[in-house]
Amino acid sequence: MEILDLKLDGNAIGGVLLEHVGSDMTALEMVCGNCGAHGEMARLDVYRGAGIVGRCCQCENVMIRIVEGRGRAWIDLSGTASLELR
Amino acid sequence: MAETAVLGRITWLTASVAGDVRETPRVRTLDLDVPSWAGHRAGQHLDVRLTAEDGYQAERSYSIASAPGNGVQLTIERLDDGEVSPYLVDDAREGDQFEVRGPIGGYFVWDGDEPGPVLLIAGGSGVVPLMAIARHRARIGSTTPMKLLYSSRTWDDVIYRGELEKLGIDVVHTLTRAQPPDWTGYSRRIDVDMLREVAWPASESPRVYVCGSTRFVDAAADGLLELGYEANWIRTERFGATGS
């Protein structure tokens, strides 16, 4: 097993955000807080463990972290410069 | 917590198995009855949640195989060490119930209202959301040129083999592990030379959908970029090698 085998993409975090936010966010544009690359959330590199980590597909900076528990979710966007909302 | 639920919050819905089709020895399609399903777009997926008697829950994402407006069908490949797929492929019976959440995805979707040719590139069960796109094209009577390049291990692993021939799109197979005796098609992994022969010329600004393992998707996308495709023409969806 290599780490590459565990890599998903931002499509995989659509469900948890849909549940807690109420709309689909995978097509929204995000800007990386490290390198400034921008693209749809679906293009993130996503790794799932006890929580979810989404990294910039250009520079691997952690842009989003999600932890779920007891019907709630905590979202850390400290590595994201901006997130488009529609 | 129900009493503090936010308006518009999407909750888990109960799905019942209403029918099934065995596609290959490892792959099965489940027809789901999901009351109050909001409808979906071609290419979207949903999450499935199974709850064991002791309360343990396992959650996985699966692409929707059916065209919009044509029910909710999932096509699932069994991963032998998976927590969810062995149940869905081998054990789930008509009337069984589990929870689903969705539809999900606003990026890897094709609504049929864009001009220009479409190239679909599938690795194994990555064909499932692409099948929803091809079925949607047929269902709405679209004349958009569409081509599917589909990589499978063997001929027996090809999902939707019969239906693929009747969709009115060009289908090009490559069989990477073993080929029938009279096979004249490709017999290797997707590479730049194959893409050069199959893909629409970059001058036509095609829209591309690639779905498969991370390795597969990276190889296909890199090859297309080498052929002069622009990154924003290429939409990708990757699935991990484990955990389904």
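Up top you'll find the structure we're talking about.
Now for a look at the structure at hand. (Residues numbered from 1 in each chain as written. Chains lettered and ligands numbered in written order. Predicted model: local features only at pLDDT ≥ 70, side-chain atom pairs only at ≥ 80, totals over all residues. Heavy atoms only, no water.)

### Remarks on unusual backbone geometry
The step from G102(B) to P103(B) runs through a cis peptide bond, and the omega angle for that step is 0°. Among the structural elements, P103(B) can be located in strand β6 (residues 97–104). You will see that R70(A), though not glycine, has its phi angle at about 45°, which is positive. Residue R70(A) is classed as exposed on the basis of its relative accessible area of 69%. Despite not being glycine, Y160(B) has its phi angle at roughly 60°, a positive value. (Helix = DSSP H or I, 4+ residues; strand = E, 2+ residues; numbered from the N terminus. Buried < 20%, exposed > 50% of the residue type's maximum accessible area, 1.4 Å probe, protein only.)

### Observations concerning the environment of G116(B)
Residues and elements named next belong to chain B. Note on placement: G116 falls in the loop between β6 and β7 (118–123). Given the relative accessible area of 30%, G116 is considered partly exposed. Taking C-alpha positions, G116 is 6.9 Å from S205, a pair spaced 89 residues apart along the chain.

### Re the pairing of strand β5 (residues 52–55) of chain A
Residues and elements named next belong to chain A. Only one face of β5 is buried: it carries I52 and G54, and the other face, with V53 and R55, is open. As defined by bridge partners, strand β4 (residues 45–48) adjoins β5 across four bridges and the pair is classed as antiparallel. Within the sheet, the bridge partner assigned to V46 lies in β5 and is G54. The antiparallel pairing of β4 with β5 creates a hairpin that spans three residues between the two strands. Two elements, β5 and strand β6 (residues 62–69), share four bridges in a ladder whose sense is antiparallel. (Pairing = 2+ DSSP bridges.)

### Things to note about the sheet that holds strand β3 (residues 38–40) of chain A
All names here are of chain A. Taking strand neighbours across the sheet as the criterion, the three strands line up as β3-β2-β8 in an open arrangement whose pairing is antiparallel. Of all the strands in the sheet, just β3 and β8 (80–83) have a single pairing partner and so form its edges. Each adjacent strand pair in this sheet contributes to an overall mean axis angle of 25°, direction not counted. (Axes fitted to C-alpha atoms, helices over the stretch in contact; angles between N-to-C directions.)

### Observations concerning helix α1 (residues 14–21) of chain A
With seven of eight residues buried, α1(A) lies mostly within the body of the structure. Of all the positions in α1(A), only G14(A), G15(A), V16(A), L17(A), L18(A), E19(A) and H20(A) are classed as buried. Summarising the contacts, the buried residues of α1(A) are in contact with β5, β6 and β7 (72–76) of chain A together with β3 (45–51) and β6 of chain B. The first or second residue beyond α1(A) is G22(A), which carries a positive phi of 100°. (Contact = heavy atoms within 4.5 Å.)

### Section: the sheet that holds strand β8 (residues 146–152) of chain B
All names here are of chain B. Judged by pairing direction, the sheet is parallel, and its five strands sit side by side in the order β9-β8-β7-β10-β11 without closing on themselves. Whereas interior strands pair on both sides, the edge strands pair on one side only; in this sheet they are β9 (170–175) and β11 (234–239). Between one strand axis and the next, the sheet turns through 10° on average, direction left out of account.

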